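# Observations on the three-dimensional arrangement
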Amino acid sequence: MSYEKVLQARKIVIGTKQAVKALKEGTVQEILVASDAEHRLTTKVVEEANLMEVPLHYVDSMKKLGKACGIEVGAATVAIIR
């Protein structure tokens, strides 16, 4: 289900640094985090999403998340922008 949200979203931000930046700007509707991503990479995004009270969902695969975003490599985090 979450992969479909990425496919249907008008605007997304891919990657942890960009997701954290978008969270701080207050433009994020929802965050998706790959469960198989390294914990040290996703910790900051998860903390910031909880702080800003943005819905956070986990998906099972970085590779599938990257593919849903239209990129050839895996994605640890994706922010869906309002």
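Criteria and thresholds
- Residues numbered from 1 in each chain as written.
- Predicted model: local features only at pLDDT ≥ 70, side-chain atom pairs only at ≥ 80, totals over all residues.
- Heavy atoms only, no water.
- Helix = DSSP H or I, 4+ residues; strand = E, 2+ residues; numbered from the N terminus.
- Rg over C-alpha atoms; globule rule 2.2 N^0.38 Å.
- Buried < 20%, exposed > 50% of the residue type's maximum accessible area, 1.4 Å probe, protein only.
- Contact = heavy atoms within 4.5 Å.
- Areas by Shrake-Rupley, 256 points an atom, 1.4 Å probe, with all protein chains shown as cover.
- Pairing = 2+ DSSP bridges.
- Right-handed = clockwise from strand over helix to strand, strands pointing away.
- Axes fitted to C-alpha atoms, helices over the stretch in contact; angles between N-to-C directions.

### Section: the overall build of the chain
- The helix and strand tally for the chain stands at four helices and four strands.
- What you see in the chain, going N to C, is helices and strands ordered as α-β-α-β-α-β-α-β.
- Its C-alpha atoms give the chain a radius of gyration of 11 Å, within 12% of the compact-globule value 12 Å for 82 residues.
- Considering only C-alpha atoms, the chain reaches an extent of 30 × 30 × 20 Å along its principal axes.
- Looking at the chain as a whole, 43% of its 82 residues qualify as buried.
- Taking contacts inside the chain between residues at least 6 apart in sequence as the whole, the part at least 24 apart equals 77%.
- For the chain, the accessible area works out to roughly 5100 Å², and carbon and sulfur atoms hold 52% of it.

### Re the pairing of strand β2 (residues 28-34)
- For β2, the tally of buried residues reaches six of seven residues, placing the bulk of the element in the interior.
- As paired strands, β2 and strand β3 (residues 56-59) are joined by four bridges and run parallel to one another. Bridge pairing in β3 places Ile 31 opposite Leu 56.
- After leaving β2, the chain enters helix α3 (residues 39-51) and then returns to the sheet as β3, a path that is right-handed.

### Some words on the sheet that holds β3
- If you trace the four strands from one edge of the open sheet to the other, you get β1-β4-β2-β3, paired in mixed fashion. Of all strands in the sheet, those with a lone pairing partner are β1 (12-14) and β3, marking the two edges. Shown here is a sheet whose adjacent strand axes are inclined to one another by a mean of 20 degrees, direction ignored.
- Here β2 runs beside strand β4 (residues 77-81); their pairing, made up of five bridges, is antiparallel. Opposite Val 28, over in β4, you have Ile 81 as the bridge partner.
- Of the strands in this sheet, β1, β2 and β4 are in contact with helix α2 (residues 16-25), which crosses β2 at around 155 degrees.

Purely geometric stuff here, so don't read any function into it on its own.
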